[in-house]
Every structure is written in C-alpha cells, then in structure tokens.
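Here's the letter readout for the chains.
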Amino acid sequence: MGALKKILHVEDEDDIRLLTKMILESIGGYDVESCASGQAAIETSRKFSPDLLILDVMMPEMDGPMTLEAIRQTPECAATPVIFMTAKTQDEEVQRLLNLGAIDIITKPFDPQTLSNQIQAKWNRFCDAV
Amino acid sequence: MQYDQMTQDVKQQMMALQANYENGLLGKIDSLEEAWCAILLSGSTPEAMRDIHRISHSLAGSGKMFGYPGISTSAQAIERILEQALADNSSISDTDAKKVSNLIQHLRQVALDEPTHDVSVVENSGADPDASYQGRTVLVVDDDPNMRSLVKIRLQAFGLKVISAFDGEEGYARALAENPDLIITDHVMPGTTGIDMVAKIRRNQLTQDIPIIVMTAQKFDGERNYALERDYTGRCGALAYLEKPLVFEDLLQQIKRVISL
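Residues numbered from 1 in each chain as written. Chains lettered and ligands numbered in written order. Predicted model: local features only at pLDDT ≥ 70, side-chain atom pairs only at ≥ 80, totals over all residues. Heavy atoms only, no water.

**Considerations on the pairing of strand S3 (residues 52–56) of chain A**
All names here are of chain A. Buried residues dominate S3, accounting for 5 of its 5 residues. Every second residue of S3 is oriented toward a common face, with Leu-52, Ile-54 and Asp-56 on one face and Leu-53 and Leu-55 on the other, all of them buried. Sheet analysis places strand S1 (residues 6–10) next to S3, joined by 4 bridges and oriented parallel. Bridged to Val-10 within S3 is Leu-55. Here 4 bridges tie S3 to strand S4 (residues 82–86), and the two strands are oriented parallel to one another. Bridge pairing in S4 places Ile-54 opposite Ile-83. A crossover links S3 with its parallel partner S4, the connecting element being helix H3 (residues 64–71), and its sense is right-handed. (Buried < 20%, exposed > 50% of the residue type's maximum accessible area, 1.4 Å probe, protein only. Helix = DSSP H or I, 4+ residues; strand = E, 2+ residues; numbered from the N terminus. Pairing = 2+ DSSP bridges. Right-handed = clockwise from strand over helix to strand, strands pointing away.)

Here you go:
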C-alpha cells in the first residue's frame with residue numbers, strides 16, 4: 001500500500017457531496033471523483049480505480065453496503081479499502097459495517113475542518129496494519 | 001499556491017457552499033411539510049412515511065455541518081419517529097403526529113433564524129469575534145437569498161447574531177418583534193421597498209431609533225443615485241448608503257460606528 005491519492009466518494013446528498021469533494025481536494029490534495037448514487041459509482045470505480053472508497057451508508061435504491069458489494073465485482077476494485085460514512089453511531093451498526101470489510105467509519109455530521117486529516121489518519125493506520 | 005492563499009480560497013468556497021445550502025433549506029422544509037400534510041389528509045401510507053423519513057434524514061445529516069444544529073436535532077427527532085413507525089409497520093400515533101407537526105414548525109423557525117456559532121462551517125473563517133459585538137443583533141432585509149446568506153455568514157464570523165427577512169413587510173415585522181441593534185436593508189424588493197419599510201420603521205416609536213444601513217445596486221443613469229441616497233440618509237435618517245456589489249470592509253466600518261455609539 002502506498003500513498004493515498006485517489007478517492008471515490010459516493011453520497012446522495014448534494015450539499016454534503018460537494019462539501020466533501022471540496023475539502024478533500026483543497027485541503028487534502030486528493031484526486032476525488034464523486035458519485036450521487038451507488039449505480040453511478042460502479043462504472044466510475046472501474047474507470048477511476050480509486051485507492052480508497054468512501055461510501056455513505058444510507059442512500060436510496062442502492063445503499064452503501066449494496067454499493068460496496070457491486071463495486072467489489074469489478075476487478076479494479078475487488079480489494080479497494082472502504083470507509084463508510086454513517087449518521088448511526090450505535091455499536092452494533094458500527095460493527096456491522098466493519099464486518100462488511102470497512103477499514104473504518106466516519107460518523108455524520110463530520111467536522112469539515114478535520115475530515116481530510118481523519119481520512120489520512122485512517123489510511124495510515126490501515127497501511128500500518130497490512 | 002501558498003498555504004495562506006489556499007486557506008482563504010477554501011474559506012471562500014465553504015462560504016459559497018454554505019450559502020448554497022441555505023438557499024435550498026426552506027425548499028426542503030417546504031417539501032417535508034407537504035409530505036406531512038399528505039399524511040395528515042390521507043393517512044400514514046408507507047410511501048408517504050418513507051418520503052418524510054428521507055427528507056428528515058437529509059436535514060438531520062446536513063444541518064449541523066452547515067451551521068444549523070437546531071435543524072439536525074429536530075430533523076433527527078422526526079426521523080426517529082418515522083423510523084419506528086416504518087419498522088413497526090404501523091401508522092403514526094396522535095401523540096407522535098403532534099410532535100412531528102411541532103418539529104416541522106420549529107425547523108422552519110430555525111431556518112429563518114441564524115445558525116449558532118459552535119458548529120458553523122466558517123467558525124474558523126479567520127475573523128476574530130469582537131467582544132463588543134457579542135449579544136448584538138443585526139437584521140438583514142434582502143429578497144436575494146445569496147446576499148442574505150453571504151452577509152449573514154460574514155457578520156456571524158465577527159460574533160454578531162444575524163436574523164433575516166425576505167422583503168420590506170417581513171423586515172418591518174421582524175424589526176418590531178426583535179428590536180435589532182442594526183438593520184441592513186436592500187432598496188428594491190417586491191411589495192414594500194426598502195425606503196417604504198425604513199419610513200415605517202421611523203414612524204414607529206418602538207423602532208424609530210434603530211440604526212439603518214442601506215445597500216443597493218440601484219443606479220441613476222449608470223451613476224450613484226444621489227437622490228435616493230439623500231432620501232435614505234436625509235429624510236429617513238439612515239446611517240449609511242452603500243452600493244452593491246458590497247465591499248464588506250465598508251459595511252464593517254459602518255457597523256463599527258453603530259457599536260461604538
């Protein structure tokens with residue numbers, strides 16, 4: 001695992017999606033592709049080959065876990081690390097998402113000022129553990 | 001690009017995103033209210049409950065991030081009620097229905113008032129909150145939601161509480177109800193114009209002494225409209241007449257005159 005450069009972010013809420021992309025690009029310096037739905041993310045993941053997936057959990061039609069399952073079918077993203085974003089902080093929910101293979105969870109609402117550092121720290125911890 | 005410039009650029013982008021969020025906020029609350037009215041009229045169908053759940057979830061997630069913790073709290077409460085009803089495959093009880101109605105009203109009120117400082121996206125915008133501004137309220141009256149949002153965000157960063165109105169009629173009502181320390185008003189607005197609103201404010205003993213700053217894009221033959229400026233600053237006793245596009249430092253200078261009086 002090397003440096004974190006490319007992030008695919010999937011979020012159906014326009015305001016949050018725009019804010020996240022702006023923060024990760026401007027502050028984090030990452031190359032970010034954003035998708036408004038799981039369906040759109042499948043094709044984008046194939047073309048973009050991200051280093052990291054950041055998936056909102058609660059999305060209409062195709063939620064975060066369903067999106068992950070679909071993206072995992074693409075050879076380019078079969079093993080791409082994923083961070084879920086969720087408003088639910090109950091232990092059982094967090095454990096459920098970790099059991100799906102997430103390397104970590106970001107709870108919403110998140111602090112826009114520290115999001116980029118959070119992502120990098122989670123990536124670093126993941127790399128150290130591999 | 002040097003770091004300092006990048007930070008300023010990021011702040012500008014954040015402010016634009018926050019203004020964008022605020023512009024859409026009342027529309028979302030309208031949609032929530034419509035969906036709720038549909039339930040009150042036709043009963044708790046799963047589809048209608050899912051609509052309300054979806055909208056309240058959206059507001060709950062975004063509110064706090066964009067400086068509206070009250071929106072998040074109330075929307076989360078609505079979300080929980082709907083989640084429970086959907087999970088139980090039951091309709092919403094009368095008690096919960098009253099709660100939802102009250103929460104929607106509260107959402108609208110919070111959206112019209114100002115976000116608090118502690119979770120604002122631009123909390124660390126680089127402006128230092130001025131101790132002399134704490135507890136002071138500014139009423140911004142402008143039919144342009146972008147202008148309302150931008151002035152709100154900039155003034156909040158200095159520690160001012162900012163409330164808004166969409167037109168002259170609402171501006172007068174809020175001036176009467178809230179007795180702000182300062183009013184900043186546009187001139188051209190639908191219905192009651194800025195000058196008619198200011199004249200009304202001056203005629204009422206309760207509001208006649210509130211300092212007023214006018215900001216307007218109104219020109220006369222492409223030049224500064226001195227006649228309008230005289231009407232405001234002379235006849236109506238406005239503190240200052242500023243032209244749009246607004247130079248924020250000019251506005252701040254005028255505000256400091258009010259605070260130091």
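That covers the picture; the talk isn't over yet.
**Examining the environment of Tyr-172 of chain B**
Residue and element names in this part refer to chain B. Tracing the sequence through the fold places Tyr-172 in helix H6 (residues 168–178). With relative accessibility at 15%, the residue Tyr-172 sits in the buried group. Sequence spacing of Tyr-172 and Thr-192 is 20 residues, and the spatial spacing of their C-alpha atoms is 9.5 Å. Those residues within four positions of Tyr-172 in sequence are excluded, and the remaining contacts are Met-197, Lys-200, Ile-201 and Asn-204. (Contact = heavy atoms within 4.5 Å.)

**Structural notes on the interface of chain A and chain B**
Contact with chain A, which involves 15 residues of that partner, is made by 19 residues of chain B. Interface area, chain A with chain B, both sides summed: about 1,700 Å², of which 71% is carbon and sulfur. If you look at where chain A meets chain B, you find 2 salt bridges. Notably, a salt bridge pairs Glu-13 of chain A with Lys-28 of chain B, separated by 3.4 Å at the nearest N-O pair. Viewed at the interface, chain B and chain A are joined by 2 residue pairs in polar contact (both at pLDDT 80 or more). When the residues that make up the side of chain A that touches chain B are grouped by side-chain class, the tally is 10 nonpolar, 2 polar and 3 charged. (Buried area = accessible area lost by both parts, 1.4 Å probe. Salt bridge = Lys/Arg side-chain N within 4 Å of Asp/Glu carboxyl O. Polar contact = N/O pair within 3.5 Å; in protein donor to acceptor, adjacent residues only side chain to side chain. Nonpolar A, V, L, I, M, F, W, Y, C, P; charged D, E, K, R; others polar.)

**Quick look at the packing of helix H3 (residues 69–88) of chain B against helix H4 (residues 94–112) of chain B**
Residues and elements named next belong to chain B. H4 packs onto H3 with a crossing angle of 160 degrees between their chain directions and a minimal axis gap of 9 Å. The angle between the axes of H3 and H4 places the two elements in the roughly antiparallel class. The chirality of how H3 crosses H4 is left-handed. When H3 is examined against H4, the residues Gly-70, Ile-71, Ser-74, Ala-75, Ala-77, Ile-78 and Ile-81 are found in contact with a partner set consisting of Asp-96, Lys-99, Val-100, Leu-103, Ile-104, His-106, Leu-107, Val-110 and Ala-111. (Axes fitted to C-alpha atoms, helices over the stretch in contact; angles between N-to-C directions. Parallel < 35°, antiparallel > 145°, perpendicular 65-115°, else oblique. Left-handed = near helix turned anticlockwise from the far one by under 90°.)

**Some remarks on the sheet that holds strand S2 (residues 161–165) of chain B**
Residue and element names in this part refer to chain B. Reading across the sheet, the 5 strands line up as S2-S1-S3-S4-S7 and stay open at both edges, with parallel pairing between neighbours. The outermost strands of the open sheet, each flanked by one partner alone, are S2 and strand S7 (240–243). Along the sheet, successive strands turn relative to each other by an average axial angle of 20 degrees, direction set aside. Pairing of strand S1 (residues 137–141) with strand S3 (residues 182–185), which is carried by 4 bridges, proceeds in the parallel orientation. Looking at S3, one finds that Val-140 is bridged to Ile-184. In this fold helix H7 (residues 194–203) packs onto S1, S3 and strand S4 (212–216), with an angle of close to 160 degrees to the strand it touches most, S3.

**Brief notes about the pairing of S4 of chain B**
Residue and element names in this part refer to chain B. Burial within S4 is extensive, with 5 of its 5 residues counted as buried. Burial along S4 is two-sided: the face carrying Ile-212, Val-214 and Thr-216 and the face carrying Ile-213 and Met-215 are both buried. Sheet topology note: the S3/S4 ladder contains 3 bridges and is parallel. Residue pairing across strands places Thr-185 opposite Val-214, the latter belonging to S4. As defined by bridge partners, S4 adjoins S7 across 4 bridges and the pair is classed as parallel. Directly across from Val-214, in S7, lies its bridge partner Tyr-241.

**Observations concerning the pattern of salt bridges**
Residues and elements named next belong to chain A. If you walk through the whole model with that rule in mind, you get 22 salt bridges over all chains. Across the pair Glu-25 and Lys-21 runs a salt bridge whose closest N-O atoms are separated by 2.8 Å. Taken together, the positions of Glu-25 and Lys-21, both in helix H1 (residues 14–26) and 4 residues apart, correspond to about one turn of that helix. A salt bridge links Arg-125 to Asp-104, with the shortest nitrogen-to-oxygen separation between them at 3.1 Å. With Arg-125 in helix H5 (residues 115–129) and Asp-104 in strand S5 (residues 104–107), this pair connects stretches of sequence that are 21 residues apart. By relative accessible area, which is 19% here, Asp-104 ends up buried.

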